[in-house]
Amino acid sequence: MPWLLKSEPDCFSILDLAKSPKRTTFWDGVRNYQARNFLRDSMKLGDRVLFYHSSCDPAGVAGTATIVREGYPDFTAWDKKSDHFDPKASESNPIWQMVDIQLEEAFTDLLPLPALRDVPTLKNMELLRKGSRLSVQPVTDAEFAAVLKLADKLGLRAKR
DNA sequence: GCCAACGTTGGC
DNA sequence: GCCAACGTTGGC
């Protein structure tokens, strides 16, 4: 199943991912139980990911990635120096999970959120639901394909 | 920077 | 177990 992962580009952008060793990173800092359950139970090796930039202007889809390691304990949770430190977590009780993702394709430019709202296929997409804040979201195959198709149409996919 | 929507906390 | 208060998210 495809997924959508949100990141604030000021914190970690798709360019940061592109510059990472092997264009791969661990997806740490998720501190929401519903999102945690997706990371732990549902994300599978090889699943594709829409990399979404949130809290920026405009917000939108920045590219795609794939899951290259399935859920494992998020060790930043018991690192006191981490921004994502959680006093309730420990090595023996990790609470939080993360996955590793590898960059697949960075769009040449952001696919802006308002453009997604114009696509009929995406009408029920979790991202577009009013009040939706989930930072790890399942995406249907049809939705994933529709986003890529729109990126094509807007000329945001340079390499082939 | 505003504020609506949501999740979490904690008193009862 | 309810629910008010609070903190956070994230589009605008």
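Report on the accompanying structure. Keep in mind the model is a prediction, meaning the values are calculated, not measured. (Residues numbered from 1 in each chain as written. Chains lettered and ligands numbered in written order. Predicted model: local features only at pLDDT ≥ 70, side-chain atom pairs only at ≥ 80, totals over all residues. Heavy atoms only, no water.)

1. Brief notes about the overall build of chain A
Secondary structure summary: chain A contains 4 helices and 6 strands in total. The helix and strand sequence of chain A, counted from the amino end, reads β-α-β-α-β-β-β-α-β-α. Taking 2.2 N^0.38 as the reference for a compact globule, 160 residues should give roughly 15 Å; the C-alpha atoms of chain A span a radius of gyration of 16 Å, in line with that estimate. Taking the principal axes of its C-alpha atoms as reference, chain A extends roughly 50 × 35 × 30 Å. Residue burial in chain A is summarised as follows: out of 160 residues, 49% are buried. Considering only residue pairs separated by 6 or more positions, chain A has 73% of its internal contacts joining residues 24 or more positions apart. Of the roughly 8800 Å² that chain A leaves accessible, carbon and sulfur atoms contribute 51%. A distance of 3 Å separates the average location of the 23 positive side-chain charges in chain A from that of its 22 negative side-chain charges. (Helix = DSSP H or I, 4+ residues; strand = E, 2+ residues; numbered from the N terminus. Rg over C-alpha atoms; globule rule 2.2 N^0.38 Å. Buried < 20%, exposed > 50% of the residue type's maximum accessible area, 1.4 Å probe, protein only. Contact = heavy atoms within 4.5 Å. Areas by Shrake-Rupley, 256 points an atom, 1.4 Å probe, with all protein chains shown as cover. Lys, Arg positive; Asp, Glu negative; His and termini not counted. Charge placed at Lys NZ, Arg CZ, Asp CG, Glu CD.)

2. Some details on the protein's contact with DNA strand C
Around DNA strand C, the neighbouring residues are Lys-6, Tyr-52, Ser-54, Ser-55, Ala-59, Leu-113, Arg-117 and Arg-133. In DNA strand C, atoms within 4 Å of the protein come 74% from sugar and phosphate. Contacts to DNA strand C include Ser-55, whose backbone N or O atom sits 3.1 Å from a phosphate oxygen. Grouping the amino acids of the surface near DNA strand C by side-chain chemistry returns 3 nonpolar, 2 polar and 3 charged. (Near = heavy atom within 4 Å. Polar contact = N/O pair within 3.5 Å; in protein donor to acceptor, adjacent residues only side chain to side chain. Nonpolar A, V, L, I, M, F, W, Y, C, P; charged D, E, K, R; others polar.)

3. A word on unusual backbone geometry
The omega torsion across Asp-57 and Pro-58 is -5°, close enough to zero to call that bond cis. Tracing the backbone shows Pro-58 in the loop between β3 (48-53) and β4 (60-73). A positive phi angle is found at Arg-23, which is not glycine, with a value near 50°. Structurally, the position occupied by Arg-23 is in the loop between α1 (14-19) and β2 (24-26). Classification of Arg-23 by relative accessible area gives partly exposed; the value is 35%. At Ser-55, a position not held by glycine, the phi torsion is positive, near 50°. Assignment of secondary structure puts Ser-55 in the loop between β3 and β4. Judged by relative accessible area, Ser-55 falls into the exposed class, the value being 58%.

4. Structural notes on the packing of aromatic side chains
Applying the stated criterion across every chain, the model contains 5 aromatic pairs. Note on Tyr-33 and Trp-96: the rings are 4.7 Å apart at their centroids and 40° apart in plane angle, and the pair reads as tilted. Here Tyr-33 is found in helix α2 (residues 33-42), whereas its partner Trp-96 is found in the loop between β4 and β5 (97-112), with 63 residues between them in sequence. Over the ring of Tyr-72 we find Arg-69, and its NZ or CZ is 3.4 Å from the ring centre. (Phe/Tyr/Trp six-rings, centres within 6.5 Å; stacked < 30°, edge-to-face > 60°. Lys NZ or Arg CZ within 6 Å of the ring centre and 35° of its normal.)

5. A short note on the nonpolar core
Formed by 23 residues in total, the largest nonpolar core has its most connected members in Leu-111, Leu-116 and Met-125. Every element with two or more residues in this core is listed here: β3, β5, α3 (113-117) and α4 (141-153). With 6 residues, the top contributor of residues to this core is α4. Residues within four places of Leu-111 in sequence aside, it is in contact with Ala-59, Gly-60, Val-61, Leu-116, Val-147, Leu-150, Ala-151, Leu-154 and Leu-156. (Core = buried A, V, L, I, M, F, W, Y, C linked by side-chain atoms within 4.5 Å.)

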